[in-house]
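# Analysis of the macromolecular model
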Amino acid sequence: MHPVLKLVAQRLALGLLLLLAASALIFAGTMILPGDVAQSILGQSATPEALANLRAELGLNDPPVQRYFDWLLGAVQGDLGTALTNGRDIAESLSQRLSNTLFLAFWAAVISVPLAIFLGLIAVRYKDRWPDKLISAVTLASISIPEFLIGYLLMFFIAVQLGWAPSVAMIGEHMNLGQKLQSIALPVIVLTLVVLAHMMRMTRAAILNVMQSAYIETAELKGLSSFHVIYRHAFPNAIAPIVNVVMLNLAYLVVGVVVVEVVFVYPGMGQYLVDHVSKRDVPVVQACGLIFAAVYIGLNMIADIVSILANPRLRHPK
């Protein structure tokens with residue numbers, strides 16, 4: 001087998017094992033929570049007979065290992081169970097929520113990834129000069145402030161004082177693309193500011209590391225401009241670590257939007273998860289946790305595979 005195919009197969013197998021381990025941790029974590037699920041659903045006035053019947057209906061009397069494998073087998077087949085609070089199918093409820101979260105993450109990525117790479121290239125071109133110091137200072141300041149505080153500040157100044165964008169990011173099927181983009185403008189800005197610093201600084205560090213190579217000195221001695229050397233010669237050879245950090249931040253855009261969605265009351269998976277955590281709806285929490293874990297592991301696996309494919313020593317083995 002070709003070395004690249006072998007490494008890709010190993011990464012895929014490792015990703016599946018990690019997802020299996022994450023599913024076990026999610027299930028165990030929800031099972032050890034204090035309190036009684038049946039009691040929280042029926043309330044304190046429930047009779048012992050009603051509690052016993054509900055426990056039997058929910059399968060709470062079965063051994064934990066059996067309940068885990070039943071849940072895992074159903075999740076593999078696309079059956080995430082039903083919500084305890086409203087009796088609705090979780091997969092059906094999550095489909096629209098996941099679509100909304102991916103829509104928000106997509107537009108945040110469309111802005112943040114090219115901007116981070118561009119700022120990283122500018123920072124390398126003007127290393128230790130005022131553009132580099134200004135970019136580093138602004139990005140570090142943005143990542144040092146909690147995203148909920150950034151969200152409330154933008155909400156106050158841009159939505160309330162200036163009225164340029166709505167303070168509540170509500171979207172629906174009746175809205176066209178322009179209306180949706182206007183509605184999610186503030187959460188997209190918050191997410192962009194949060195992930196921009198990581199990607200920009202990794203781009204800068206990776207390119208500066210490559211700039212110490214001998215072929216870069218050769219390109220400079222040929223009379224090529226600094227930006228041409230950075231863009232055409234240094235950047236392609238620094239793509240592996242840049243892809244890794246980009247994928248990590250894309251995973252954050254999908255998995256870590258819980259706080260932003262709650263702040264802007266955005267109808268995504270994060271808001272859906274928080275609503276059902278407060279109601280102690282265990283099947284919904286398990287389903288959301290499994291989907292978040294799958295997205296995070298999947299994007300990291302893609303980053304590993306891209307890094308492997310970007311390595312010429314693996315693509316062209318001797």
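That block above? That's the structure.
Numbering of residues begins from 1 in every chain and follows the order in which that chain's sequence is written. Since the coordinates come from a predicted model, pLDDT governs what is reported: local features require at least 70, and pairs of side-chain atoms require 80 or more to be given and counted, while whole-chain, interface and lining totals use all residues. To get the side-chain values, all heavy atoms of the structure are used, and hydrogens and water are removed first.

## Considerations on the overall build of the protein
To be explicit about the condition: Every helix listed is a DSSP run of H or I at least four residues long, and every strand listed is a run of E at least two residues long, numbered separately from the N terminus. Think of it in three bands: with a 1.4 Å probe and only protein chains considered, a residue is buried below 20% of the maximum accessible area for its type, exposed above 50%, and partly exposed in between. The contact definition used throughout considers only heavy atoms, calling two residues in contact when any of these lie within 4.5 Å. In these tables, accessible area is a Shrake-Rupley quantity obtained with a 1.4 Å probe, and a residue counts as shielded only by the protein chains included in the view.
Helix and strand counts for the protein stand at 16 helices and zero strands. By residue count, 41% of the 318 residues in the protein fall in the buried class. Excluding contacts between residues fewer than 6 apart, the proportion of contacts in the protein whose partners are at least 24 apart in sequence is 73%. In the structure as shown, the protein presents an accessible area of about 17,100 Å², 66% of it carried by carbon and sulfur atoms.

## A look at the packing of aromatic side chains
Which entries qualify depends on this criterion: Two aromatic rings from Phe, Tyr or Trp, using only the six-membered ring of Trp, form a pair when their centres are within 6.5 Å; if the ring planes differ by under 30 degrees the pair is stacked, by over 60 it is edge-to-face, and anything between is tilted. In this scheme, Lys NZ or Arg CZ marks a charge over a ring once it lies within 6 Å of the ring centre and within 35 degrees of the ring normal.
Overall, the coordinates contain seven aromatic pairs when judged by the stated rule. Where F156 meets F157, the ring centres are 5.0 Å apart and the plane angle is 80°; that geometry is what we call edge-to-face. Judged by relative accessible area, F157 falls into the partly exposed class, the value being 48%. One aromatic cluster in this structure is built from F27, Y68, F69 and W71. The side chain of K180 reaches across the aromatic face of F103, ending 5.8 Å from its centre.

## Points about the nonpolar core
Generally speaking, a soluble globular protein has its nonpolar side chains buried in company with each other. Under the convention used in this document: As used here, the term nonpolar core means buried Ala, Val, Leu, Ile, Met, Phe, Trp, Tyr and Cys residues forming a set that is joined through side-chain atoms within 4.5 Å.
Judged by nonpolar contacts, the single largest core of 53 residues is most densely connected at I207 and F264. Counting only elements with at least two residues in this core, the list comes to α5 (90–125), α7 (147–162), α9 (185–210), α10 (214–221), α11 (226–237), α12 (239–255) and α13 (258–263). For this core, the leading source of residues is α9, giving 13 residues. Not counting residues within four places of it along the chain, the set of residues in contact with I207 comprises L121, V124, I230, A234, F235 and A238. In this structure, I90, L94, L273 and L290 belong to the second largest nonpolar core, which totals 19 residues.

## Points about the packing of α5 against α12
Note the threshold: Only C-alpha atoms enter the line fits that serve as axes; for helices the fit covers just the stretch in contact. Angles between N-to-C directions range over 0 to 180 degrees. In a left-handed crossing the near helix is turned counterclockwise from the far helix by less than a right angle, and in a right-handed crossing that turn is clockwise.
Put simply, α5 and α12 touch, their axes get as near as 9 Å, and they point 145° apart. As α5 packs across α12, the resulting crossing turns out to be right-handed. Of α12, the residues touching α5 (which contributes T101, L102, A105, A108, A109, S112 and V113) are V246, L250, L253 and V254.

## Points about the packing of α5 against helix α14 (residues 269–278)
Two packed helices can be described by the angle between their axes and the distance between those axes. This is how it is decided: Geometric relationships in this document are graded by angle, where less than 35 degrees denotes roughly parallel, more than 145 denotes roughly antiparallel, 65 to 115 denotes roughly perpendicular, and other angles denote oblique. Residues are grouped as follows: Ala, Val, Leu, Ile, Met, Phe, Trp, Tyr, Cys and Pro are nonpolar; Asp, Glu, Lys and Arg are charged; every other residue, Gly included, is polar.
Where α5 contacts α14, the two axes come as close as 8 Å, and the packing angle between them is 130°. Between α5 and α14, the crossing angle belongs to the class labelled oblique. Of α14, the residues touching α5 (which contributes S93, L94, R97, L98 and T101) are M269, G270, Q271 and Y272. Tallied by class, the residues present in the contact of α5 with α14 amount to four nonpolar, four polar and one charged.

## Let's talk about the pattern of salt bridges
The criterion, for reference: A pairing counts as a salt bridge when a side-chain nitrogen of Lys or Arg comes within 4 Å of a carboxyl oxygen of Asp or Glu.
As enumerated under the stated definition, the model contains two salt bridges in all. Residue D132 is joined to R204 by a salt bridge in which the shortest nitrogen-to-oxygen separation is 2.9 Å. Of this pair, D132 sits in helix α6 (residues 130–144) while R204 sits in helix α9, and the two are 72 residues apart along the sequence. Of the two residues, D132 and R204, both sit in the buried class.

## What to know about unusual backbone geometry
With phi around 65°, D128 is a residue other than glycine that occupies positive phi space. Mapped onto the elements, D128 comes out in the loop between α5 and α6. Of note, the phi angle at V265 is positive, near 50°, even though the residue is not glycine. Note on V265: relative accessible area 39%, which makes it partly exposed.

## Quick notes on the side chain of S93
Of note, S93 is situated in helix α5. Given a relative accessible area of 14%, S93 falls into the buried group. Those residues within four positions of S93 in sequence are excluded, and the remaining contacts are R88 and Y272.

## Quick notes on a nonpolar patch on the surface
Quick reminder of the rule: Two distance rules govern patches: like charges are joined within 9 Å, and nonpolar side chains (Val, Leu, Ile, Met, Phe, Trp, Tyr) within 5 Å, applied only to residues with over 30% relative accessible area and no salt bridge.
On the surface, I145, F148, L149, Y152, L153, F156, F157, V160 and V259 cluster together to form a nonpolar patch covering roughly 810 Å² of accessible area. No other element matches α7, which puts seven residues into the nonpolar patch. Among the secondary structure elements, Y152 is positioned in helix α7.

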